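Residues per chain are reported as follows:
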Amino acid sequence: MILVVKSGGEAAVAEWRAGFAAHAPQLDVRWWDEPGLDPARVEYAVVWDPEPGRLAGFPKLKAIFGSGAGVDHIASDPHLPPGVPVIRCVPWEAAQRMGEFVCWAVLSLAKEARRMAQLQAARRWENVDPPFAAAARTVGIMGLGAMGEHTARMLLGLGIPVRGWSRGRKSIPGVESFAGAAELDAFLAGTDVLVCLLPATPETQGIIATPLLAKLPRGAGLVQVGRGSQQVLPDILAALDSGQLSGAVLDVFAPEPLPAENPAWSHPGVIVTPHTASLPTRAERARYIADVIAMLERGEAPPHAYDPARGY
Ligand SMILES: NC(=O)c1ccc[n+]([C@@H]2O[C@H](COP(=O)([O-])OP(=O)(O)OC[C@H]3O[C@@H](n4cnc5c(N)ncnc54)[C@H](OP(=O)(O)O)[C@@H]3O)[C@@H](O)[C@H]2O)c1
């Protein structure tokens, strides 16, 4: 049973192979561009950003796994083989790492970490006195899915008030739930730190722009860990310059890598991180994918399958 991998480059195949060997030794793990590979023998694929049309070249494909939680880079392929499930890779560790990252980002904004790093670089001993405790500011999470819900619980554990916005209403203890476009403005009006954990879809494209940012209380913080396509970066920088935003942690960009000349790199109100919020180890992701393959082979419905009708 052949599984092809296109994630992390050819150099990562050995690590993927070792990960799968521990949990699914029946899988023959191959690099996607391996010379002599017979496409007709490939049954599973684990991919990140595959070249459009390539997946359609495997006629016996049973499932396509994203090597991360978002599969927009696969779903955008106009030649995606019909009827083959696209499955997101969401092991427990992915949500845990995301929650850790967002807690760090929210605390970094509250504790003015960027300013402290600047002072240290300049060898200046100056008091940094945040005007509020982190727990005095409500965090609003856009997207309360696998990542958002776990993140909400971790923030609550720090004593930070949390509200969330999603398509459907949620009942997560301690989290005020806002649903759908009609409740977005009310959600934003009470959000002091906005966290974006939405998937990339036509509806979320460019959502983090001046009109939305203007609906936040003045001096709000922003943590963007969704996808770069969701933001208008010049609008974010303008909101920082005007004081509408007090600080931002930006992990995702369009394009990536963020070009060296982009002003976000040096903006005093921005912490740039290189799309690194949550990436579980390859061993952990291989274990998760091996478990889902076992479910598929038993004829069970896989968890976290991409739904083309919803777009995520
Ligand atoms: N930076 C990183 O390292 C990193 C790592 C992992 C994931 N991510 C990003 O995080 C995203 C979320 O991952 P996930 O596993 O939590 O996804 P998920 O389980 O599919 O959850 C998506 C959430 O977004 C909500 N949503 C989708 N479209 C919406 C809309 N138009 N309006 C309001 N709410 C909407 C959904 O609402 P319902 O619950 O009502 O359906 C759901 O709560 C991924 O797609 C990816 O872009 C980034």
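Further up the page is the structure itself.
Residues numbered from 1 in each chain as written. Predicted model: local features only at pLDDT ≥ 70, side-chain atom pairs only at ≥ 80, totals over all residues. Heavy atoms only, no water.

If you tally the helices and strands in the protein, you get nine helices and twelve strands. Since a compact globule built from 312 residues should have a radius of gyration of about 20 Å, the 21 Å found for the protein is in line with a globular shape. Expressed along its principal axes, the backbone C-alpha trace of the protein runs to roughly 60 × 45 × 35 Å. Counting the 312 residues in the protein, one finds 49% classified as buried. At a minimum sequence separation of 6, the contacts of the protein that also span at least 24 residues come to 60%. Element-wise, carbon and sulfur atoms account for 56% of the exposed surface of the protein, whose accessible area totals about 14,200 Å². Each charge class in the protein can be summarised by its mean position, and for the 28 positive and 32 negative side chains these summaries are 3 Å apart. (Helix = DSSP H or I, 4+ residues; strand = E, 2+ residues; numbered from the N terminus. Rg over C-alpha atoms; globule rule 2.2 N^0.38 Å. Buried < 20%, exposed > 50% of the residue type's maximum accessible area, 1.4 Å probe, protein only. Contact = heavy atoms within 4.5 Å. Areas by Shrake-Rupley, 256 points an atom, 1.4 Å probe, with all protein chains shown as cover. Lys, Arg positive; Asp, Glu negative; His and termini not counted. Charge placed at Lys NZ, Arg CZ, Asp CG, Glu CD.)

Below, the discussion takes up the packing of aromatic side chains. Summed over all chains, the structure comprises five aromatic pairs. Consider the rings of Y44 and F65, whose centres lie 6.4 Å apart with planes at 45 degrees: the pair is tilted. With Y44 in strand β3 (residues 42-47) and F65 in strand β4 (residues 63-66), this pair connects stretches of sequence that are 21 residues apart. In this structure, R310 is placed above the aromatic ring of Y312, and the distance from its NZ or CZ to the ring centre is 4.0 Å. (Phe/Tyr/Trp six-rings, centres within 6.5 Å; stacked < 30°, edge-to-face > 60°. Lys NZ or Arg CZ within 6 Å of the ring centre and 35° of its normal.)

Here the focus is the side chain of R137. With respect to the element layout, R137 can be found in the loop between α4 (113-121) and β6 (139-142). This buried residue, R137, is left without a salt bridge; D192 holds the nearest opposite charge, at 5.4 Å. Reaching out from R137, the side chain makes a polar contact with the backbone oxygen of G219 at a distance of 3.2 Å. Leaving out residues up to four positions away in the same chain, R137 has contacts with F132, I160, P161, D192, V193, G219, A220, G221 and S246. (Salt bridge = Lys/Arg side-chain N within 4 Å of Asp/Glu carboxyl O. Polar contact = N/O pair within 3.5 Å; in protein donor to acceptor, adjacent residues only side chain to side chain.)

With that settled, the discussion passes to the sheet that holds strand β2 (residues 28-31). A sheet is described by the order of its strands in space; here five strands give the open sequence β2-β1-β3-β4-β5, paired in parallel fashion. On the outer flanks of this sheet lie β2 and β5 (86-87), each paired with one strand and no other. With four bridges joining them, β3 and β4 adopt parallel strand pairing. The residue of β4 that forms the bridge with V46 is F65. In this fold helix α1 (residues 13-23) packs onto β1 (2-6), β2 and β3, with an angle of close to 170 degrees to the strand it touches most, β2. Strands β1, β3, β4 and β5 of the sheet are contacted by helix α9 (residues 282-297), whose axis makes an angle of about 160 degrees with β4. (Pairing = 2+ DSSP bridges. Axes fitted to C-alpha atoms, helices over the stretch in contact; angles between N-to-C directions.)

Let us look at the site of the ligand. As a matter of local geometry, the ligand sits amid 28 residues, with R88, M147, G168, K170 and Y312 nearest to it. R88 is positioned with one of its side-chain polar atoms (N or O) 2.7 Å from an oxygen atom of the ligand. The separation between an oxygen atom of the ligand and a polar main-chain atom of A277 is 3.5 Å. Put simply, the parts of the chain that give the shell around the ligand at least two residues each are α5 (146-157) and β7 (162-166). (Near = heavy atom within 4 Å.)

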